[in-house]
Amino acid sequence: MKLSRNRFRNIYIEYACESDAVTQHILKVFPHSEIIYINRYKELFSTPKHAYSLQKASTSLILARKTNNFLYSGSQFAQSTGFKNFFYNTILLNCIYDCHYCYLQGLFPSPNLVCFTNLEDFFSNTSTAISQRNNQGEPLFLSLSYDTDILAFESIFPFARRWIEYCSNNNNLLVEIRTKSTNFKTLSDIPSIPNVIFSWSLSPEIIAQNFEIGAPSPKSRLASIKQAIRMGWKVRLCFDPVILIKSWREIYLDYFKTVFQEINPMNIHDVTLGSFRMSSQHLKQARKHRPELGILHRDWKVNNGIASYGKEKREEISSFLRNELLQWFRPPQVSVW
Ligand code: SF4
């Protein structure tokens, strides 16, 4: 999907990052946007002037400098797939897509997209964290696409490319780039390296059409996955979140068959599977922000601060779909969340 040069009517820029290379690059991508200078992005992002839904219909881009917290310890809601030194970073806040089930709607007060422009500070802090990691026998596992879809942003600024370049000089770093994007094609000139995993989120077409608004179709994601495999990249598939709709069993089974007719499972590093879940605090806030989204207002059950299907239903979903995936994968390759 080609990004419109009119995607952001307004771009807000902190005075402090006006001359940063990232800022200058992005301004060339959006020559028609109105530029508004601000002191600190939080003035705009933490106390939005308009209702969330209204802002979501016409999001602005905010360019800012991050001053601390260049890495965070991995949370209980994310998948570390067993790595002990698990961190994530937030070079972007929010996402250009509009998945109706996304927790970002409850995490942040505004849907506007924040892009931090001091990339070099992220690299230097990551280098320090690598050298100081607790478990020196394992690499530092860094999730790059955490509160965002970083690859979806690649045509605005090539963050994924820059991180891959950084990874190629840091063997003690393992990076995961989770995405629904088809922008992988913009990376097709980069030779694959073993310490980057591309994780594509996949859903049956009917789920994507109803809930993954603005994201590329699952079919086009498959084309990107095939290209990444051909080039020798490590690829993880994430069937997550599983959303229950009428005939969900048949729909997911048909979808698995479609995927594994197209892709040889032997070429897949591993698979994750997870039902819809969200912190109950984020769900509460997301419901306020998006009263129009039916999926947020379903009768979710809360257990230990996590809103999801009830325990029995979650177990039914996991065991049913995991068993199906085991037709194609060995048990250690399938992580259930
Ligand atoms: S792609 Fe991921 S981060 Fe972006 S809206 Fe969808 S779920 Fe949220």
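Everything discussed here concerns the structure shown above.
Scoring rules and cut-offs
Residues numbered from 1 in each chain as written. Predicted model: local features only at pLDDT ≥ 70, side-chain atom pairs only at ≥ 80, totals over all residues. Heavy atoms only, no water. Phe/Tyr/Trp six-rings, centres within 6.5 Å; stacked < 30°, edge-to-face > 60°. Helix = DSSP H or I, 4+ residues; strand = E, 2+ residues; numbered from the N terminus. Buried < 20%, exposed > 50% of the residue type's maximum accessible area, 1.4 Å probe, protein only. Contact = heavy atoms within 4.5 Å. Pairing = 2+ DSSP bridges. Right-handed = clockwise from strand over helix to strand, strands pointing away. Near = heavy atom within 4 Å. Nonpolar A, V, L, I, M, F, W, Y, C, P; charged D, E, K, R; others polar. Arc of directions from axis to C-beta. Polar contact = N/O pair within 3.5 Å; in protein donor to acceptor, adjacent residues only side chain to side chain. Salt bridge = Lys/Arg side-chain N within 4 Å of Asp/Glu carboxyl O. Expected span 1.5 Å × (residues − 1). Patch = residues over 30% accessible without salt bridge, like charges linked within 9 Å, V, L, I, M, F, W, Y side chains within 5 Å. Areas by Shrake-Rupley, 256 points an atom, 1.4 Å probe, with all protein chains shown as cover. Core = buried A, V, L, I, M, F, W, Y, C linked by side-chain atoms within 4.5 Å.

Turning our attention to the packing of aromatic side chains. Applying the stated criterion to the full structure yields 27 aromatic pairs. A centroid spacing of 6.3 Å and a plane angle of 80° characterise the contact between F239 and Y255, whose relative ring orientation is edge-to-face. You can see F239 sitting in strand 13 (residues 234-242) and its partner Y255 sitting in helix 9 (residues 248-262), a full 16 residues away along the chain. Summarising the burial analysis for this pair, F239 and Y255 share the class buried. Among the aromatic residues, those joined into a ring-pair cluster are F239, Y255, F256, F260, W328 and F329.

All right, on to the side chain of S199 then. Note that S199 resides in strand 11 (residues 196-201). With residues near it in sequence (within four places) discarded, S199 still touches E176, I177, R178, T179, R236 and C238.

So, about the pairing of strand 14 (residues 270-275). Counting buried residues along strand 14, 6 of its 6 residues qualify, which places the element largely inside the surrounding structure. The side-chain alternation of strand 14 yields two buried faces, one formed by D270, T272 and G274 and the other by V271, L273 and S275. Judged from the 5 bridges that link them, strand 13 and strand 14 form a sheet pairing that is parallel. Its bridge partner lying in strand 14, V242 is registered against S275. With helix 9 bridging strand 13 and its parallel neighbour strand 14, the resulting β-α-β unit is right-handed. Judged from the 3 bridges that link them, strand 14 and strand 18 (residues 334-336) form a sheet pairing that is parallel. The residue of strand 18 that forms the bridge with T272 is S335.

As a further point, take the site of the ligand. Taken together, C95, Y97, C99, Y101, C102, L104, T148, D149 and K180 are the residues near the ligand. Classifying every residue of the shell around the ligand gives 6 nonpolar, 1 polar and 2 charged.

Moving on, we come to helix 10 (residues 280-289). Burial in helix 10 covers these residues: H282, L283, A286 and H289. Viewed along the axis of helix 10, the buried residues span an arc of 125°, placing them on a single side of the element. Seen from the open side of helix 10, the exposed residues pointing more than 90 degrees away from its buried face are Q281 and K288. Elements that come into contact with the buried residues of helix 10 comprise helix 3 (52-57), helix 4 (104-107), strand 15 (277-279) and strand 17 (306-308).

This next bit is on the side chain of D20. Its location among the elements puts D20 in the loop between strand 1 (10-14) and helix 1 (21-29). Looking at D20, its side chain comes within polar contact range of the side chain of T117, at 2.7 Å. With sequence-adjacent residues up to four places away left out, D20 is seen in contact with R65, T117 and N118.

What the rule picks out here adds up to 16 salt bridges. A salt bridge links D240 to R178, with the nearest nitrogen and oxygen atoms 3.6 Å apart. Highlighted residues: D240 in strand 13 and R178 in strand 10 (residues 173-179), separated in sequence by 62 residues. A residue is classified by how much of its surface remains accessible, and D240, at 7% relative accessible area, is buried.

A word on the environment of Y146. Within the fold, Y146 resides in the loop between strand 9 (140-143) and helix 6 (159-167). Distance from Y146 to R298, taken between C-alpha atoms, is 25 Å for residues 152 residues apart in sequence.

With that out of the way, let us pick up helix 9. Along its 15 residues, helix 9 runs 21 Å from first to last C-alpha, staying within 8% of the 21 Å computed at 1.5 Å per residue. Tucked inside the fold, the buried residues of helix 9 contact helix 7 (205-211), helix 8 (218-230), strand 13 and helix 11 (311-325).

Before going further, it helps to examine the sheet that holds strand 2 (residues 34-38). Spatial ordering of the open sheet is given by 2-1-3-8-6, a layout of 5 strands whose pairing is mixed. Edge strands, defined here as strands with exactly one partner in the open sheet, are strand 2 and strand 6 (92-93). For strand 1 and strand 3 (residues 61-64), the ladder comprises 3 bridges, and the chain directions are parallel. Bridging from a neighbouring strand, Y12 pairs with I62 of strand 3.

A grouping of Y15, I35 and Y37 is seen on the molecular surface, where their side chains present a nonpolar patch of about 280 Å² in accessible area. For I35, the position within the fold is in strand 2. Under the relative-accessibility criterion, I35 is labelled partly exposed at 31%.

We now examine the nonpolar core. Judged by nonpolar contacts, the single largest core of 104 residues is most densely connected at I26, L61, F153, F159, I177, F198 and F239. Contact partners of F239, with chain neighbours within four places excluded, come to L202, Y255, F256, V259, F260, V271, T272, L273, G274 and L325.

This part is about the pairing of strand 11. Burial analysis of strand 11 places 6 of its 6 residues in the buried class, the great majority of the element. Of the two faces of strand 11, the one lined by V196, F198 and W200 and the one lined by I197, S199 and S201 are each fully buried. For strand 11 and strand 13, the ladder comprises 5 bridges, and the chain directions are parallel. What sits directly across from I197, in strand 13, is K234.

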